[in-house]
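Reading the structure
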Amino acid sequence: MFKKRLFYLFQYLVYIILILVYGAVVAGLIPILLAIVAVFTTVGLVGVVGQIMELNEFVPNIVTMMGLAVGIDYSLFVLSRYREERQKGYDKYESIAIAGATANRAVLFSGGTVVLALTGMLLLPEKFFQAFGAGAIMVVFVAVITCLTLLPAMIGILGDRINSVKVP
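Quick look at the structure, then. Keep in mind that this is a model prediction, so the values were computed, not measured. Numbers given for residues are sequential positions, taken from 1 along each chain in its written order. Local features in this predicted model are restricted to residues whose pLDDT is 70 or higher, and side-chain atom pairs enter the listing and the counts only when it is 80 or higher, whereas totals over whole chains, interfaces and linings include all residues. Hydrogens and waters are ignored; side-chain quantities use all the structure's heavy atoms.

1. Points about the overall build of the chain
Here a strand is any run of E in DSSP of at least two residues, a helix any run of H or I of at least four, and the numbering for each starts at the N terminus. Assigned secondary structure in the chain consists of five helices and zero strands. N-terminal to C-terminal, the α/β element order of the chain is α-α-α-α-α. Only the C-alpha atoms count toward the radius of gyration. The rule for a globule is 2.2 Å times the residue count to the power 0.38. Scaling as 2.2 N^0.38, a compact globule of 168 residues should have a C-alpha radius of gyration of about 15 Å, and the chain matches this with 17 Å. With respect to the three principal axes, the spread of C-alpha positions in the chain is 55 × 40 × 20 Å. Here the chain holds 168 residues, and the buried ones make up 38% of them. Put simply, 74% of the contacts in the chain that link residues at least 6 apart link residues at least 24 apart. Note on areas: these come from Shrake-Rupley sampling with a 1.4 Å probe, and a residue is covered only by the protein chains present in the view. Summing over all exposed atoms, the chain offers an accessible surface of approximately 9,600 Å²; the carbon and sulfur share of this is 72%. Considering the chain, the positive charge centre built from 12 side chains and the negative charge centre built from 9 side chains are found 7 Å apart. Only protein chains enter the calculation, and the probe is 1.4 Å; a residue is then buried if its accessible area is under 20% of its type maximum, exposed if over 50%, and partly exposed in between. Residue contacts follow a heavy-atom distance rule, with two residues in contact if any of their heavy atoms lie within 4.5 Å. Positive charges come from Lys and Arg, negative ones from Asp and Glu, while His and the chain ends are left out of the count. In plain terms, the charge of a residue is placed at NZ if it is Lys, CZ if Arg, CG if Asp and CD if Glu.

This is the structure:
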């Protein structure tokens, strides 16, 4: 019971920090939403991979932890870059293109580096580390794909409404 309350407390703290960082509620919730999409997608993928490879009961915990971390982190790169370009006076689609040419490239290489580093865990003879590595690789891969595809689509749909519901 205490762990569950502690989890919710940390979750609310993340919401508050993101909202304060962006100064807008919608912009602060987008990285959380993308991270949740990455986690749920990966949990489904883990179910499929679990039919082929033996995974332990800690994989969903690893997926949740890593998914929230990298999902929020990668979304912050792209969303911050988009907002910077809008402040410079570019229109919505030019800002998305510039953010895609710069921040998306950084996210792709960063995610690729993390996945490459985590593949070393698959080489270890211990099944626990192999399962940990498999779960972490899947969630980082899905978070990168989500950030490169879903985030620009969300930005294109929301446009300047990303900055709505300002926080004083």
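2. Quick word on the packing of helix α3 (residues 59-87) against helix α5 (residues 127-158)
Relative to each other, α3 and α5 sit at 30 degrees, their axes nearing to 8 Å. For the element pair α3 / α5, the angle class is roughly parallel. Taken as a pair, α3 and α5 cross one another with a handedness that is right-handed. Touching Val-59, Ile-62, Val-63, Met-66, Gly-67, Val-70, Gly-71, Tyr-74, Ser-75, Val-78, Leu-79 and Tyr-82 of α3 are Ala-131, Phe-132, Gly-135, Ala-136, Val-139, Val-140, Ala-143, Val-144, Cys-147, Leu-151 and Ile-155, all from α5. Of the residues contributing to the contact of α3 with α5, the split by class is 19 nonpolar, four polar and no charged. To obtain each axis, a line is fitted to C-alpha atoms, and for helices this fit is confined to the stretch in contact; angles are then taken between N-to-C directions over 0 to 180 degrees. Any angle that is under 35 degrees is reported as roughly parallel, and any over 145 degrees as roughly antiparallel; angles of 65 to 115 degrees are reported as roughly perpendicular and all others as oblique. Handedness of a crossing is defined here by the sense of rotation of the near helix relative to the far one, left-handed for an anticlockwise turn of less than a right angle and right-handed for a clockwise turn. Side-chain classes follow a simple rule in which Ala, Val, Leu, Ile, Met, Phe, Trp, Tyr, Cys and Pro form the nonpolar group, Asp, Glu, Lys and Arg form the charged group, and the remainder, Gly included, forms the polar group.

3. So, the pattern of salt bridges
Just to be clear on terms, a salt bridge is a Lys or Arg side-chain nitrogen sitting within 4 Å of an Asp or Glu carboxyl oxygen. Applying the stated criterion across every chain, the model contains four salt bridges. Residue Arg-81 is joined to Glu-84 by a salt bridge in which the shortest nitrogen-to-oxygen separation is 3.3 Å. Of this pair, Arg-81 and Glu-84 are both found in helix α3, three residues apart, which corresponds to roughly one turn of the helix. Note that Lys-88 is salt-bridged to Glu-85, the shortest N-O span being 3.5 Å.

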